[in-house]
Amino acid sequence: MLLTVGLLLVGLALLVFGADWFVKGAAGIADTFGVPPLVIGLTVVAYGTSMPELVVSAVASLDGSGSIALGNVVGSNIANIGLILGVTALVAPPEVSGSLIKREVPMLLISSLAVPLALLDGVISRVDSVVLLVAAVGFTVATVRFARAEPAGDILIAETIEEVTEHRSTLSTPKLLGLSVLGLAMLLLGGRWFVSGAVNVAVAFGVSERVIGLTVVAIGTSLPELAASVVAALRGHSAMAVGNVIGSNIFNVLLVLGAASALAPVAGDLMALWPEVALMLAFTVLAALVLRTQRVISRFEGAILMGGYVAAVLWMAQAGG
């Protein structure tokens, strides 16, 4: 058991630091080639925050543990809204961006509904994966185009540009490339160890892989988003922290689930998974209601989100016991 826990923790550490180094290296290379900060923030950084979920779900899918891959996506989306958005609001109540309401909240609802729709036949097939991945690319292109056309003064766009500009790297291109490669290697190794540790924990405690994916794996892969969101909130960039959460949920379905099912079809009994999927949809609708107008998310609303998440985790853990 000690070895299993150690494998889980070391894998998690590699995922967290690997994701950070990969994003820093990739963002630095993009900046070196003259890519605008807004585009870097909406593409490289946005995709980078979902790298732990992507790697873990891909490894789980290839290992035949599709329930962990699916549970990771569903559980991470619940954690992003309940845990991360809740903590962000408690740390520094964020102002909601008008562009986020117009552009990303509708896509958040659509992408969440894609999960039960894809599982209607009991499997997320490679045909489904193509649809999801094409949607991910289309959403990214549309986001960049709409953001560039957005009138000056939108808080989310301003904070994204400021954050990327402030963190411009002074490293040379070869060093940035090396940082990216090292970060990617750490992600791959960390993903392998983290999934192995999670499977062993499930076996040791007699808990289903689905529940481990919904709780332990989902919380673990959400830690980079949690750290980034708290740091952004403390730096006064809380609107960007909200944008990261919503964008991550969209990419978790379109990109992460799309890539995992492209590697190996992900089986899932919708009737058996319906309580967790319904919980994800409920948190998604709650987030849409909280973000319904351009205003500040209060600490009271943050406390509701946090309380709801704690209750959800306890329920999922008990259901798997």
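Predicted model, so just to flag it, every value in this text is computed and none were measured.

Time to look at the packing of aromatic side chains. On inspection of all chains with the given rule, the structure shows two aromatic pairs. Residues tyrosine 47 and phenylalanine 251 carry aromatic rings whose centres are separated by 4.5 Å and whose planes lie at 35° to one another, so their mutual orientation is tilted. Of this pair, tyrosine 47 sits in helix H2 (residues 37-48) while phenylalanine 251 sits in helix H10 (residues 238-263), and the two are 204 residues apart along the sequence. A relative accessible area of 3% means that phenylalanine 251 is categorised as buried. Ring geometry for phenylalanine 139 against phenylalanine 251: centres 5.9 Å apart, planes inclined by 70°, an arrangement best described as edge-to-face. Pair noted here: phenylalanine 139 is in helix H6 (residues 126-149) and phenylalanine 251 is in helix H10, with a separation of 112 residues, a long-range link. No difference in accessibility class separates phenylalanine 139 from phenylalanine 251, as the two residues are buried. Aromatic ring contacts, followed pair by pair, group Tyr47, Phe139 and Phe251 into a single cluster.

As a further point, take empty space enclosed by the protein. Scanning the entire structure with this criterion turns up one cavity of 30 Å³ or more. In this structure, the largest cavity encloses a volume near 40 Å³. Lining of the largest cavity is provided by Leu70, Gly71, Val74, Leu214, Leu273, Glu276 and Val277. Looking at the lining of the largest cavity, the elements that each hand over two or more residues are helix H4 (66-91) and helix H11 (270-290). Of the residues contributing to the lining of the largest cavity, the split by class is five nonpolar, one polar and one charged.

What counts as what
- Sequence order as written defines the numbering, with residues in each chain counted from 1.
- Side-chain atom pairs in this predicted model are given and counted only at pLDDT of 80 or more, local residue features only at pLDDT of at least 70, and totals for whole chains, interfaces and linings cover all residues.
- Neither water nor hydrogens contribute to the side-chain values; these are computed over all heavy atoms in the structure.
- Note on ring pairs: Phe, Tyr and Trp rings are taken, using the six-membered ring of Trp, and paired if centres are within 6.5 Å. Classes follow the plane angle, with under 30 degrees stacked, over 60 edge-to-face and the rest tilted.
- A run of H or I in DSSP counts as a helix once it spans at least four residues, and a run of E counts as a strand once it spans at least two, with each numbered from the N terminus.
- Three labels apply to residues, based on accessible area from a 1.4 Å probe with only protein chains included: buried if under 20% of the type maximum, exposed if over 50%, partly exposed otherwise in between.
- The definitions used throughout rest on a 1 Å grid laid over the protein atoms alone, on which a cavity is an enclosed set of points accommodating a 1.4 Å probe that cannot get out and a pocket is an open set flanked by protein within 12 Å on both sides along at least five of seven lines; lining residues are those having an atom within 4 Å of a point.
- Grid points are joined across faces, edges and corners, and a volume is the space filled by probe spheres set on the points.
- Note that Gly is not counted as nonpolar here; it falls among the polar residues with everything else outside the nonpolar set of Ala, Val, Leu, Ile, Met, Phe, Trp, Tyr, Cys and Pro and the charged set of Asp, Glu, Lys and Arg.

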